[in-house]
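Residue strings, one per chain:
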Amino acid sequence: MAAKLTQLGWFYGSSLTTTFTGKPFFPVLNNVVKLKKPLLYRYCRAMSTTNGTLSSRPPVVVKEDIELSDKEKQIFDQLRQVLSHFNLETKLRVAGGWVRDKLLGKDCYDIDIALDNMLGKEFCEKVNEYLVSTGEETHGIGVIQSNPDQSKHLETARMRLFDVWIDFVNLRSEDYTENSRIPTMKFGSAEQDAYRRDLTINSLFYNINTCLVEDLTGRGLDDLKSGRIVTPLPPKETFLDDPLRVVRAIRFSARFEFEMVEELKAAAADEDVKSAIADKISRERIGHEVDLMVSGNRPVKAMAYISELGLFWVVFTPPTNCDPSISEELDRVCVGFMDVGWKHMREIGCTFSDEQRRLYSYASLFLPLRKTVYLDNKKKSVPVVNHIFRNSLKLKASDADDVIKLHSAAEKFLTLIPFVLSSDDIGEIKSQTEVIDVPVPLKLRVLLGLLLRDIKDFWRAALMLSTLLYKNSSSVDAIAGELEERREVFKKVEQEIMKLGLDKVWEVKPLINGKDIIRLLELGKGGPVVSEWQRKLLQWQLAYPSGSVEECIDWMTRQAQLKRVKT
């Protein structure tokens, strides 16, 4: 039997560390054995898929062993000292994402530790007792309570060790009653806990006591190497337990370019699961996962999965009284705009900050909804995008404001682009903004300057969005086919803005402040009149960037005199 087991380990690979239940076939430390990986394993995995057909997908490179950083060694050494000091038989295991990322050779600072015989808070208190005994400073303990109604089944304790936040939670076993999807929680074995996790690639443990990786489902390492997104238990059961796992499966599939198996996709699209996502999960948790997708390396793929599985309007739930009404098919249009928006950004080569890229991604995704509104409780017309950010995703109010501002700036750019591109006098610029009486070329500089002062460092993102909308193309496919032409439009407008010296124009200080306006025009007090003059003087500065303070005062006093004569 031992020989057969060794042969099985030779084929299935490793640094495979597996745990056996029941009586072991031969003596091993803590029922854990490490099996070496042959070169043939990589060849076999590269040539096969779950259905036995050939696959062109390269195998995922998985490390033989976990290499700890110096800080991780300090943390784990101290935790082992706590166990030794109190003669605790507690087994400490790092769970989930940290193990997965370390095996993939990625840095990870999210350390979650599972305990087999005590609550996280109890162990954190033991850590502090140990620190007192050694004369070291104790640490604060934070406790995040369980919330079964929102599928948050476990109490979690947090503590900062060596400047790293560590989460401590007990291993769990779950029993469900016939008429409830909320389980009864109790201490469980590591194997039971592994099977209750969202995905097999997240069910791996690193045993701090033994310094070994444990694959207790027997599939985690195999699926990691094969690039498969699989649930340890049947997917519908797993998703109904915690419906957020659907969104997480999509995120990990996009992030790692792993393939969701067909059974998982069918369960994710199941109507019962959709209802559970809408009714059982807090919008904050959904919003957090979506924001990680949009901020990640493959946001378009993640949104495409959400759309393909029929989850787009479950995740981005709009209000009921939209004008114009939102069709079910609009989700594909939204994803299409995000797709061409990303291609446009890459081809142009703009170096966006992470925040600029994140908001540009949202703005391109919701570009087809930019003119859609609804009536709020006060019968006020509000952009639907505002509702999605604030209510469906529960993200920052500033995110909603910034994306709406990007949409508005893109529309304003659309009215100005023809004047920027034309070398001829094409007549008066029509604008909703009242502008002082200056020649058309100067008026163009004023309007561009005002737009950039409003949108600031996001002006390139807004311009990029406007060039997607340029020429009123009827479909995303048409836009995709004209990206090269639209890229040239972007470059010409960008060059003109730079030529006009408008980059960083929002940092320009006014030549005359409010107090000076009151004094020079003998207004007596501030108010709307002063605000109006400040607006006009800003426009004068934009029209005449080399103008002096004296010239500005002279223009203001002449305009004030003309106004008095007219009245």
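Definitions and cut-offs
Residue indices follow the written sequence of each chain, beginning from 1 at its first position. pLDDT decides what is reported in this predicted model: residues at 70 or higher carry local features, side-chain atom pairs at 80 or more are listed and counted, and totals for whole chains, interfaces and linings draw on all residues regardless. To get the side-chain values, take all heavy atoms of the structure and skip hydrogens and water. Going along the chain from the N terminus, every DSSP run of H or I of four or more residues is numbered as a helix, and every run of E of two or more is numbered as a strand. Three labels apply to residues, based on accessible area from a 1.4 Å probe with only protein chains included: buried if under 20% of the type maximum, exposed if over 50%, partly exposed otherwise in between. Residue contacts follow a heavy-atom distance rule, with two residues in contact if any of their heavy atoms lie within 4.5 Å. Per-residue and other accessible areas were derived by the Shrake-Rupley procedure at a 1.4 Å probe size, with only the shown protein chains allowed to occlude residues. In predicted models, pLDDT denotes the confidence assigned by the predictor to each residue on a 0 to 100 scale. Throughout this description, the term salt bridge denotes a Lys or Arg side-chain nitrogen within 4 Å of a carboxyl oxygen of Asp or Glu. Axis geometry follows a simple rule: fit a line to the C-alpha atoms, using only the stretch in contact for helices, then measure angles between N-to-C directions, giving values from 0 to 180 degrees. Geometric relationships in this document are graded by angle, where less than 35 degrees denotes roughly parallel, more than 145 denotes roughly antiparallel, 65 to 115 denotes roughly perpendicular, and other angles denote oblique. Each residue receives one of three labels: charged for Asp, Glu, Lys and Arg, nonpolar for Ala, Val, Leu, Ile, Met, Phe, Trp, Tyr, Cys and Pro, and polar for the others, Gly being one of them. DSSP-based pairing: two strands are paired if at least 2 bridges between them are found. N or O atoms closer than or at 3.5 Å make up a polar contact, with two conditions inside protein: a donor-capable atom paired with an acceptor-capable one, and, for residues adjacent in sequence, both atoms drawn from side chains. Here, nonpolar core means buried Ala, Val, Leu, Ile, Met, Phe, Trp, Tyr and Cys residues that are tied together by side-chain atoms lying within 4.5 Å of each other. Pairing of aromatic rings covers Phe, Tyr and Trp, the last through its six-membered ring, and needs centres within 6.5 Å; plane angles under 30 degrees mean stacked, over 60 mean edge-to-face, and all others mean tilted. Two conditions define a charge located above a ring, namely a distance within 6 Å from the ring centre to NZ of Lys or CZ of Arg, and an angle within 35 degrees of the ring normal.

Before going further, it helps to spend a moment on the overall build of the protein. The helix and strand tally for the protein stands at 25 helices and 16 strands. Residue burial in the protein is summarised as follows: out of 567 residues, 49% are buried. Partitioning the intrachain contacts of the protein with sequence separation of at least 6 by distance along the chain shows that 66% fall at a separation of at least 24. Counting every atom, the protein has about 28000 Å² of accessible surface; 50% of that belongs to carbon and sulfur.

Before going further, it helps to examine the confidence of the model for the protein. When pLDDT is averaged across the protein, the result is 86; 84% of the residues are at 70 or more. In this model residues 1–55 is a low-confidence stretch, pLDDT under 50, and it forms 84 contacts with partners more than four residues away in sequence or in other chains. Low confidence marks residues 176–182, where pLDDT is under 50. Its contacts with residues over four positions away, or in another chain, come to 11 contacts.

Of all 9 residues in helix α17 (residues 384–392), 7 are buried; the element is thus mostly enclosed. Those residues of α17 that sit buried are Val384, Val385, Asn386, His387, Ile388, Phe389 and Ser392. A positive backbone phi angle near 55 degrees is found at lysine 394, which sits one or two residues after α17.

By the definition in use, this model includes 36 salt bridges. For aspartate 399, the salt bridge goes to lysine 396, with nearest N and O atoms at 4.0 Å. Owing to a relative accessible area of 2%, aspartate 399 belongs among the buried residues under this scheme. Here the residues in one salt-bridge network are Asp291, Glu355, Arg358, Lys396 and Asp399, joined through shared partners.

For alanine 278, the position within the fold is in helix α11 (residues 271–280). For alanine 278, a relative accessible area of 37% translates into the label partly exposed. C-alpha separation for the pair alanine 278 and proline 243, spaced 35 residues apart in sequence, amounts to 8.9 Å. Dropping the residues within four chain positions of it, alanine 278 is found in contact with Arg283 and Val314.

Across the interface, helix α13 (residues 299–308) lies against helix α15 (residues 330–348) with an axial gap of 10 Å and an inter-helix angle of 170 degrees. Compared by their axis directions, α13 and α15 come out roughly antiparallel. In contact with Pro299, Val300, Met303, Ala304 and Ser307 of α13, α15 contributes Asp331, Arg332, Val335, Met338, Asp339 and Trp342. Of the residues that constitute the contact of α13 with α15, the class distribution is 7 nonpolar, 1 polar and 3 charged.

Among the secondary structure elements, leucine 542 is positioned in helix α24 (residues 528–543). Leucine 542 gets classed as buried once you look at its relative accessible area, which sits at 3%. Distance from leucine 542 to glycine 449, taken between C-alpha atoms, is 6.4 Å for residues 93 residues apart in sequence. Residues contacting leucine 542, with those up to four places away along its chain left out, are Arg445, Val446, Gly449, Leu450, Leu502 and Val505.

Moving on, we get to the sheet that holds strand β15 (residues 373–375). One open sheet accounts for 3 strands, arranged β14-β15-β16; its pairing is antiparallel. At either margin of the open sheet sits one strand with a lone partner, and together these are β14 (322–323) and β16 (381–383).

With that out of the way, let us pick up the side chain of arginine 486. Looking at the secondary structure, you find arginine 486 in helix α22 (residues 483–499). A polar atom in the side chain of arginine 486 sits 2.8 Å from the backbone oxygen of leucine 468.

Glancing now at the nonpolar core. Residues Leu79, Phe123, Phe168, Ile250, Met303 and Phe316 are the most contacted members of the largest nonpolar core, which totals 159 residues. By residue number, the principal contributor to this core is helix α18 (residues 397–421), which donates 11 residues. Setting aside anything within four residues of it in sequence, one finds phenylalanine 123 in contact with Leu79, Val82, Leu83, Leu88, Leu92, Leu115, Met118 and Phe168. Listed in part, the 7 residues of the second largest apolar core include Ala95, Ala114, Leu171 and Leu216.

All right, on to the pairing of strand β3 (residues 92–95) then. Side chains of β3 alternate between two faces, with Leu92 and Val94 and Arg93 and Ala95 buried alike. Pairing analysis gives 4 bridges linking β3 to strand β4 (residues 111–115), with the strands arranged antiparallel. Directly across from arginine 93, in β4, lies its bridge partner alanine 114. Direction of pairing for β3 relative to strand β10 (residues 205–207): antiparallel, over a ladder of 3 bridges. Bridge pairing in β10 links arginine 93 to asparagine 207.

Quick look at the packing of aromatic side chains now. Taken as a whole, this structure holds 14 aromatic pairs when the rule is applied. Consider the rings of phenylalanine 316 and phenylalanine 366, whose centres lie 5.5 Å apart with planes at 80 degrees: the pair is edge-to-face. A residue pair is termed long-range when its members are at least 10 positions apart, and phenylalanine 316 in the loop between α14 (312–315) and β14 and phenylalanine 366 in the loop between α16 (354–365) and β15 qualify at 50 residues. Exposure class is identical for phenylalanine 316 and phenylalanine 366. Each is buried. Ring pairs connect the aromatic residues Phe312, Trp313, Phe316, Tyr362, Phe366 and Phe389, which therefore count as one cluster. The residue whose ring lies beneath lysine 126 is phenylalanine 86, and the NZ or CZ to ring-centre distance is 4.7 Å. A cation over a ring is seen here: arginine 251 above phenylalanine 252, with NZ or CZ 4.6 Å from the ring centre.

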